Amino acid sequence: MPVLDYLTILLFTLLVLVVGMVFTRSGASMKSYFAAGGALPWWLSGLSLFMSFFSAGTFVVWGSIAYEYGWVAISIQWMMGLSGFLIAMFIAPRWKKANILTVGQYIGDRFGPGLRKFYSYIFLLLSFFTTGAFLYPVAKLFNVSTGFSIEVSIILLGLLVIAYTAAGGLWAVIVTDVLQFVILFAAVLIVVPLAVDKIGGLEAIGDKSPEGFFQLINGEYTAEFLLAFLLYNTIFIGGNWAYVQRYTSVATTKDARKVGWLFGVLYLVSPVLWMLPPMIFRGLGTNLTGLENEGAFLLMCKEVLPIGLLGLMLGGMIFATASSVNTTLNMSAAVFTNDLYKKLKPDSSQKALLRVARISTIVFGLITIVVALMVPRFGGIVEVVLSVGAITGAPLFAPPIWSLFSKRQTAFSILCTTIISLLINLFFKFLSPALLDITLSRANEMLLGVFGPMLILMCFECYYAFRPAKQQSHLVEPQPTTSQDPEDAQQNRFALRVLGAALAITGFTILVLGMNATQGSVITISVGGLVLLLGLLIRYKKLTN
């Protein structure tokens, strides 16, 4: 990779790091460090949710599916958009009304400290696999483009994310998320028209692609899989503790709904842009085998992007994955500090709690690096993402969501649902192929993961319907949301000024790269100009809610 690409990556890496470190002193309290004061502008929180769920894994996991099977990779991601709409209508406002810092706090308030501890420990364990799965793909892309070993790539990128997440808390996460969103979109808007031109136009994509490449379903990704994936993501995005943080950190329930709506709209539009490059790369007559197809997106970028712009794309991917990792790291630290440590030492000062929060962020980040280093031994990133999600997602997140709508569920029913459904999923994943000669398809694996806990919860619901009304005493009534105080409003203004300045710098850099590009200069200059104008607008108009 040319020196200019390395310099571009270094520039944007330093920019993200500086922006994150600027918020070192913004976390003066637990609410500020873990909830950004509880009054985030909804569009900031919505973009952050999108980037938190999005990562370079999108290009590696779904990009590999797009290369092998075609349009079905877009169909899969459209299910995420539909999930966002369902969450906006039903789930997000319920979480905001709960007036909580973490889901663990909600579980403790409603079902008692024992269940809070159980779920907190399980969430922390799962978060290590989640962040490891997010960190590995971008290291894979970095490895493909630069030649650095996968191990060195994981360690370098992991340490970068740990640094600014531990320093700035949720404010650092939110602002860098939005910056990363703009950088990544700018890079993709440049690469897509160049890739289309490379293959000879839109019509040539269809002519040079395999038969059935543009079907909505293909291969093992059937209609049943899409339905299961829709239901699974509604539970996962609606109940994952790291994502719930985005619904609870805005000012009102109306804003919480807007967060879900924005997420849904973005996931209906963006997959078409994301998946076209690896699909086009297949049409060029390439023949990637095995895990090689995980690098299809970046290989297409290397084909068409001029010097400097490949670094922009790779930088965008790095920052996108940083977004996914930093979100989970921040929430893991919140769970450990607020739901575990604070309960053991309730007299701890805010200063002591913040120190614990930063230390736990660093420790969890180092564990994440270790897990990412082990991903190749687990069968590749596609197997890790889909299998871990199918096994653990609904059993862990469905019971708390259900309890938001039900007065009858108890600590016993919630705990039994999680344990039983986890055991069933693990049995059919690891034991039934050998003992019963039964191997579930991806669709059936995910359907079992979703409907198992839902069926168990329904059984408890019917059972408790015939029990005395005392079961309803477990319900914690929603608390009124607090209004935004002057300090939170000041932090919002400061965050927007920082974001605007960072975007202006990004836009100017893209403009310079476009002026020196030998091909694609017009589209690059146009995108750079738009980013520059957006940054100036945010910086000087101080956009709020």
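Structural data are supplied above this passage.
Definitions and limits used
Residues numbered from 1 in each chain as written. Predicted model: local features only at pLDDT ≥ 70, side-chain atom pairs only at ≥ 80, totals over all residues. Heavy atoms only, no water. Helix = DSSP H or I, 4+ residues; strand = E, 2+ residues; numbered from the N terminus. Buried < 20%, exposed > 50% of the residue type's maximum accessible area, 1.4 Å probe, protein only. Areas by Shrake-Rupley, 256 points an atom, 1.4 Å probe, with all protein chains shown as cover. Salt bridge = Lys/Arg side-chain N within 4 Å of Asp/Glu carboxyl O. Contact = heavy atoms within 4.5 Å. Patch = residues over 30% accessible without salt bridge, like charges linked within 9 Å, V, L, I, M, F, W, Y side chains within 5 Å. Polar contact = N/O pair within 3.5 Å; in protein donor to acceptor, adjacent residues only side chain to side chain. Axes fitted to C-alpha atoms, helices over the stretch in contact; angles between N-to-C directions. Parallel < 35°, antiparallel > 145°, perpendicular 65-115°, else oblique. Left-handed = near helix turned anticlockwise from the far one by under 90°. Nonpolar A, V, L, I, M, F, W, Y, C, P; charged D, E, K, R; others polar. Phe/Tyr/Trp six-rings, centres within 6.5 Å; stacked < 30°, edge-to-face > 60°. Expected span 1.5 Å × (residues − 1). Core = buried A, V, L, I, M, F, W, Y, C linked by side-chain atoms within 4.5 Å.

Undergrad: Give a detailed account of the overall build of the protein chain, specifying residues and quantitative values.
TA: Of regular secondary structure, the protein chain possesses 20 helices and 0 strands. A total of 545 residues make up the protein chain; the buried ones form 61% of that total. Surface exposure of the protein chain reaches about 20,600 Å², of which carbon and sulfur atoms provide 67%.

Undergrad: How would you explain the pattern of salt bridges if you had to name every residue and give the values?
TA: In total, this model carries 3 salt bridges according to the counting rule given. Between Glu 461 and Arg 408 there is a salt bridge, with its nearest N and O atoms 3.4 Å apart. Of the two residues, Glu 461 sits in helix 18 (residues 442–465) while Arg 408 sits in the loop between helix 16 (381–405) and helix 17 (411–435), which places them 53 residues apart along the sequence. Taking relative accessible area as the criterion, Arg 408 reaches 31% and is therefore assigned partly exposed. Here Lys 429 and Glu 445 are joined by a salt bridge, their closest N and O atoms 3.2 Å apart. On the criterion of sequence distance, the pair formed by Lys 429 in helix 17 and Glu 445 in helix 18 is long-range, its members being 16 residues apart.

Undergrad: Could you give me a rundown of the side chain of Gln 77, with the residues and numbers involved?
TA: By the element assignment, Gln 77 lies in helix 5 (residues 72–97). For Gln 77, a relative accessible area of 0% puts it in the buried group. The residues touching Gln 77, leaving out its near neighbours within four places in the chain, are Thr 58, Trp 62, Tyr 267, Pro 271, Trp 274 and Met 275.

Undergrad: Outline a nonpolar patch on the surface, supporting the account with residue identities and numerical values.
TA: A surface patch of nonpolar side chains, about 760 Å² in accessible area, is lined by Ile 419, Leu 423, Leu 426, Phe 430, Leu 431, Leu 435, Leu 436 and Ile 438. Tracing the backbone through its elements, the reader meets Leu 435 in helix 17. A residue is classified by how much of its surface remains accessible, and Leu 435, at 61% relative accessible area, is exposed.

Undergrad: Quick rundown of helix 11 (residues 241–248)? Include the residues and the values.
TA: Within helix 11, 8 of the 8 residues are buried, leaving the element largely enclosed by the surrounding structure. Listed in full, the buried residues belonging to helix 11 are Trp 241, Ala 242, Tyr 243, Val 244, Gln 245, Arg 246, Tyr 247 and Thr 248. Its side-chain oxygen placed 2.9 Å from the backbone nitrogen of Ala 242, Asn 240 serves as the N-cap of helix 11.

Undergrad: Describe the packing of helix 17 against helix 18, listing the residues and the values that go with them.
TA: Between helix 17 and helix 18, whose axes approach to 9 Å, the crossing angle comes to 150°. As far as their axial angle goes, helix 18 and helix 17 are roughly antiparallel. Of the two elements, helix 17 crosses helix 18, and the hand of that crossing is right-handed. Contacts between helix 17 and helix 18 involve Phe 412, Ser 413, Ile 414, Cys 416, Thr 417, Ile 420, Ser 421, Ile 424, Asn 425, Phe 428 and Lys 429 from the former and Glu 445, Leu 448, Gly 449, Pro 453, Ile 456, Leu 457, Phe 460 and Tyr 464 from the latter. For the contact of helix 17 with helix 18, the class distribution of residues is 12 nonpolar, 5 polar and 2 charged.

Undergrad: Lay out the packing of aromatic side chains with the relevant residues and their values.
TA: This model, assessed by the stated rule, comprises 27 aromatic pairs. Between Tyr 67 and Phe 281 the ring centres are 6.3 Å apart and the planes differ by 45°, which places this aromatic pair in the tilted class. Within this pair, whereas Tyr 67 is found in helix 4 (residues 56–69), its partner Phe 281 is found in helix 12 (residues 253–283), the two being separated by 214 residues in sequence. Of the residues examined, Phe 281 reaches a relative accessible area of 5% and is grouped as buried. Seen from their ring centres, Phe 412 and Phe 460 are 6.0 Å apart, and the 85° between their planes marks the pair as edge-to-face. Linking Phe 412 in helix 17 with Phe 460 in helix 18, this pair joins segments that are 48 residues apart in sequence. Judged by its relative accessible area of 54%, Phe 412 is exposed. One aromatic cluster in this structure is built from Trp 62, Tyr 69, Tyr 221, Phe 225, Phe 229, Tyr 232, Phe 236, Tyr 243 and Phe 397.

Undergrad: Now, about helix 3 (residues 42–53): what can you tell me, with residues and values included?
TA: Under the 1.5 Å per step criterion, the end-to-end length of helix 3 is 16 Å for 12 residues, consistent within 8% with the ideal 16 Å. The buried fraction of helix 3 is high, at 11 of 12 residues. Looking only at helix 3, the buried set comprises Trp 43, Leu 44, Ser 45, Gly 46, Leu 47, Ser 48, Leu 49, Phe 50, Met 51, Ser 52 and Phe 53.

Undergrad: If you had to explain the environment of Ser 83 to someone new, which residues and values would you point to?
TA: Looking at the secondary structure, you find Ser 83 in helix 5. Apart from residues lying up to four places away in sequence, Ser 83 is in contact with Leu 230, Asn 233, Thr 234 and Ile 237.

Undergrad: Just give me the short version of the packing of helix 3 against helix 12, but keep the residues and values in it.
TA: In a pair of packed helices, the angle between the axes and the distance between the axes together describe the arrangement. Axis separation between helix 3 and helix 12 bottoms out at 8 Å; the angle between their running directions is 45°. What the angle tells us is that helix 3 and helix 12 run oblique. In terms of crossing hand, the pair formed by helix 3 and helix 12 is right-handed. From helix 3, Trp 42, Trp 43, Ser 45, Gly 46, Leu 47, Leu 49, Phe 50 and Phe 53 reach across to helix 12, where they touch Asp 255, Lys 258, Val 259, Leu 262, Phe 263, Leu 266, Tyr 267, Ser 270 and Trp 274. Considered class by class, the residues forming the contact of helix 3 with helix 12 number 12 nonpolar, 3 polar and 2 charged.

Undergrad: Can you tell me about the nonpolar core, naming the residues and giving the values?
TA: If you look at the biggest cluster of nonpolar residues, it comprises 160 residues, and the most contacted ones within it are Phe 50, Trp 95, Tyr 247 and Leu 305. For this core, the element with the most residues is helix 8 (residues 150–199), which contributes 26 residues.

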